[in-house]
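Working through the structure, step by step
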Amino acid sequence: MKALLLICNEPHVWQHANNYMKGRQLTGKYQPVEVEGAAIGLVAEQYQASRQAFWETLMSATTWQQTRKVIALNHRGCAAMKIAYGLTKSSDKLIETETHRYALQEFRRQMAERLPDVEVETGLIGLDGKVELLGEPRFGPDPTSPSPTAPSKAKPRAPDKRR
């Protein structure tokens, strides 16, 4: 297998992911792995049970099949994301994108720790089926942090006495 494809187990995602892989001339050259929420299912606390099976599949693929690439595709409107990070994270397209970017980046970090020689590609499937590749985070805190309107837990700074 040339690649492992990490996708969500929601049924409507399959066709979009399959079309994407076909467009990349990877038909028959990848092994799909379905996890609730795709990368979200591997990084969010609510989905700890999904993790072990994925990592075992990945280890097997890299060891026995010489797979050196993982393509992780999250998707818009994901029910697992709403459960993991709250409904408000999906109500705004920008916030939804950055929440997926965070989960995909965390997945990429975990991959680098476990299998640094495996290439990781991350993307987000839109409602129209088109895939937007996502890389490094652009801005913002992780989606599990309190909102900017929440009271701060940071200690106040001491006044500058050098004046």
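Everything that follows concerns the structure shown earlier in this document.
As the structure is a computational prediction, the values presented were derived from the model and not from experiment. (Residues numbered from 1 in each chain as written. Predicted model: local features only at pLDDT ≥ 70, side-chain atom pairs only at ≥ 80, totals over all residues. Heavy atoms only, no water.)

Focus on the side chain of Arg 76
- Inspection of the secondary structure puts Arg 76 in the loop between β3 (69–75) and α4 (79–85).
- A distance of 3.0 Å separates the side chain of Arg 76 from the side chain of Glu 96, its partner in a polar contact.
- One polar contact links Arg 76 to Thr 97, side chain to side chain, over a distance of 2.6 Å. (Helix = DSSP H or I, 4+ residues; strand = E, 2+ residues; numbered from the N terminus. Polar contact = N/O pair within 3.5 Å; in protein donor to acceptor, adjacent residues only side chain to side chain.)

Some remarks on helix α3 (residues 48–64)
- Between its first and last C-alpha, α3 extends 26 Å over 17 residues, near the 24 Å set by a 1.5 Å rise per residue.
- Listed in full, the buried residues belonging to α3 are Arg 51, Phe 54, Trp 55, Leu 58, Ala 61 and Thr 62. Buried residues of α3, seen end-on, are gathered within an arc of 130° and therefore sit on one face of the element. Opposite the buried face of α3, at more than 90 degrees from it, the exposed residues are Ala 49, Gln 52 and Trp 64. (Expected span 1.5 Å × (residues − 1). Buried < 20%, exposed > 50% of the residue type's maximum accessible area, 1.4 Å probe, protein only. Arc of directions from axis to C-beta.)

So, the nonpolar core
- One finds Leu 6, Phe 54, Phe 107 and Met 111 to be the most contacted residues of the largest nonpolar core, which totals 44 residues.
- A per-element tally of this core places strand β1 (residues 3–7) first, with five residues.
- Sequence-distant contacts of Phe 107, that is, excluding residues within four places in its chain, are made with Leu 6, Ala 39, Leu 42, Val 43, Phe 54, Trp 55, Val 70, Ala 72 and Val 120. (Core = buried A, V, L, I, M, F, W, Y, C linked by side-chain atoms within 4.5 Å. Contact = heavy atoms within 4.5 Å.)

Quick word on the pairing of strand β4 (residues 119–125)
- With six of its seven residues buried, β4 lies for the most part within the structure.
- Here seven bridges tie β3 to β4, and the two strands are oriented parallel to one another. Paired with His 75 across the strands is Ile 125, a residue of β4.
- In this sheet, strand β5 (residues 131–133) lies alongside β4 in antiparallel orientation, the contact comprising three bridges. Paired with Gly 123 across the strands is Leu 133, a residue of β5.
- Where β4 folds back on β5, the antiparallel hairpin that results is connected by five residues, among which Gly 129 adopts a positive phi of roughly 90°. (Pairing = 2+ DSSP bridges.)

Remarks on the side chain of His 75
- With respect to the element layout, His 75 can be found in strand β3.
- The residues touching His 75, leaving out its near neighbours within four places in the chain, are Cys 8, Glu 10, His 12, Val 13, His 100, Leu 124 and Ile 125.

Description of the sheet that holds β4
- If you walk across this open sheet you meet the five strands as β2-β1-β3-β4-β5, and the pairing is mixed. The open sheet terminates on both sides in strands that have one partner only, identified here as β2 (30–34) and β5. On average, each strand axis in the sheet is inclined to that of its neighbour by 25°, with strand direction left out of account.
- Both β1 and β2 contribute to a ladder of five bridges, which runs parallel. Residue pairing for β2: Ala 3 is matched across the bridge by Tyr 30.
- Of the strands in this sheet, β1, β2, β3, β4 and β5 touch helix α1 (residues 11–23), which is tilted by about 135° from β3. (Axes fitted to C-alpha atoms, helices over the stretch in contact; angles between N-to-C directions.)

What about the environment of Glu 121?
- Tracing the backbone shows Glu 121 in strand β4.
- The spatial distance from the C-alpha of Glu 121 to the C-alpha of Leu 133 is 7.7 Å, given a sequence separation of twelve residues.
- Apart from the residues within four sequence positions on either side, Glu 121 is in contact with Tyr 20, Arg 24, Lys 69, Val 70, Ile 71, Ala 72 and Leu 133.
- A polar side-chain atom of Glu 121 sits 2.4 Å from a polar atom in the side chain of Arg 24.

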